[in-house]
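Read off the chains here:
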Amino acid sequence: GSSRRGVRHPSFSLSFQSIFGQRSMSEGLEDFAAVRKIIEDKLHQEFYNVPTKDLPPRMQPRQLPNLQDAAKIDWDDWKQWEWLQPGWKGIKMHSQCVINADGSAEVRSVWK
């Protein structure tokens with residue numbers, strides 16, 4: 001049977017090895033989708049019409065950040081960074097293009 005407290009479902013008779021054994025990646029994904037559908041169906045049967053307050057803790061809604069706060073981002077804060085100000089005496093990152101012995105090139109960054 002099933003329990004509302006934990007995830008004890010003996011009716012899930014598929015083992016990890018039988019699902020994700022030595023086979024191709026796409027076969028494993030198809031099996032994963034099949035197992036996922038079974039689990040989703042069982043969860044739907046068990047928790048459909050259950051009030052939110054009666055759901056297990058992991059299924060309780062979380063307090064997520066309010067998306068309205070995203071509009072208050074200061075997109076120009078970089079203009080105040082001390083290492084971008086005129087007269088900065090500290091180290092700076094320099095980009096160098098290096099030509100290798102084999103004729104290839106790579107870009108490196110150096111702090112000076």
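It should be noted that the structure appears before, not after, this text.
Remember, it's a predicted structure, so these values are computed and weren't measured experimentally.

### Digging into the overall build of the protein
Reasoning step 1: Each helix and strand counted, the protein has two helices and two strands in total.
Reasoning step 2: The helix and strand sequence of the protein, counted from the amino end, reads α-α-β-β.
Reasoning step 3: Counting across all 112 residues of the protein, residues that qualify as buried make up 10%.
Reasoning step 4: Put simply, of all contacts in the protein between residues at least 6 apart along the chain, 18% involve residues at least 24 apart.

### Focus on the pattern of salt bridges
Reasoning step 1: Taken as a whole and assessed by the stated rule, the structure comprises five salt bridges.
Reasoning step 2: With a shortest N-O distance of 3.4 Å, Lys37 and Asp41 are connected by a salt bridge. Taken together, the positions of Lys37 and Asp41, both in helix α2 (residues 25-47) and four residues apart, correspond to about one turn of that helix.
Reasoning step 3: A salt bridge links Lys53 to Asp54; the nearest nitrogen and oxygen atoms lie 3.4 Å apart.
Reasoning step 4: Lys53 sits in the exposed class, given a relative accessible area of 65%.

### Details of the pairing of strand β1 (residues 93-99)
Reasoning step 1: Bridge analysis of β1 against strand β2 (residues 105-111) gives seven bridges, and the strand direction is antiparallel. From the neighbouring strand, Cys97 faces β2, where its bridge partner is Val107.

### Re the packing of aromatic side chains
Reasoning step 1: Applying the stated criterion across every chain, the model contains one aromatic pair.
Reasoning step 2: Aromatic pair Trp81 and Trp83: ring centres 5.4 Å apart, planes at 25°, arrangement stacked.
Reasoning step 3: On the accessibility criterion, Trp83 (47% relative accessible area) is partly exposed.

### Details of a nonpolar patch on the surface
Reasoning step 1: A cluster of nonpolar residues, Trp78, Trp81, Trp83 and Leu84, forms a patch on the protein surface that exposes about 450 Å² of accessible area.
Reasoning step 2: The exposure class of Trp81 is partly exposed, given its relative accessible area of 37%.

### Re unusual backbone geometry
Reasoning step 1: Its identity as a non-glycine residue notwithstanding, Asn49 has a phi of 65°, on the positive side.
Reasoning step 2: Tracing the chain through its elements places Asn49 in the loop between α2 and β1.
Reasoning step 3: Classification of Asn49 as exposed rests on a relative accessible area of 68%.

### Things to note about the environment of Ile99
Reasoning step 1: Counting through the fold element by element, Ile99 comes out in strand β1.
Reasoning step 2: Setting aside residues up to four positions removed in sequence, Ile99 forms contacts with Ser104 and Ala105.

Analysis parameters
- Residues numbered from 1 in each chain as written.
- Predicted model: local features only at pLDDT ≥ 70, side-chain atom pairs only at ≥ 80, totals over all residues.
- Heavy atoms only, no water.
- Helix = DSSP H or I, 4+ residues; strand = E, 2+ residues; numbered from the N terminus.
- Buried < 20%, exposed > 50% of the residue type's maximum accessible area, 1.4 Å probe, protein only.
- Contact = heavy atoms within 4.5 Å.
- Salt bridge = Lys/Arg side-chain N within 4 Å of Asp/Glu carboxyl O.
- Pairing = 2+ DSSP bridges.
- Phe/Tyr/Trp six-rings, centres within 6.5 Å; stacked < 30°, edge-to-face > 60°.
- Patch = residues over 30% accessible without salt bridge, like charges linked within 9 Å, V, L, I, M, F, W, Y side chains within 5 Å.
- Areas by Shrake-Rupley, 256 points an atom, 1.4 Å probe, with all protein chains shown as cover.

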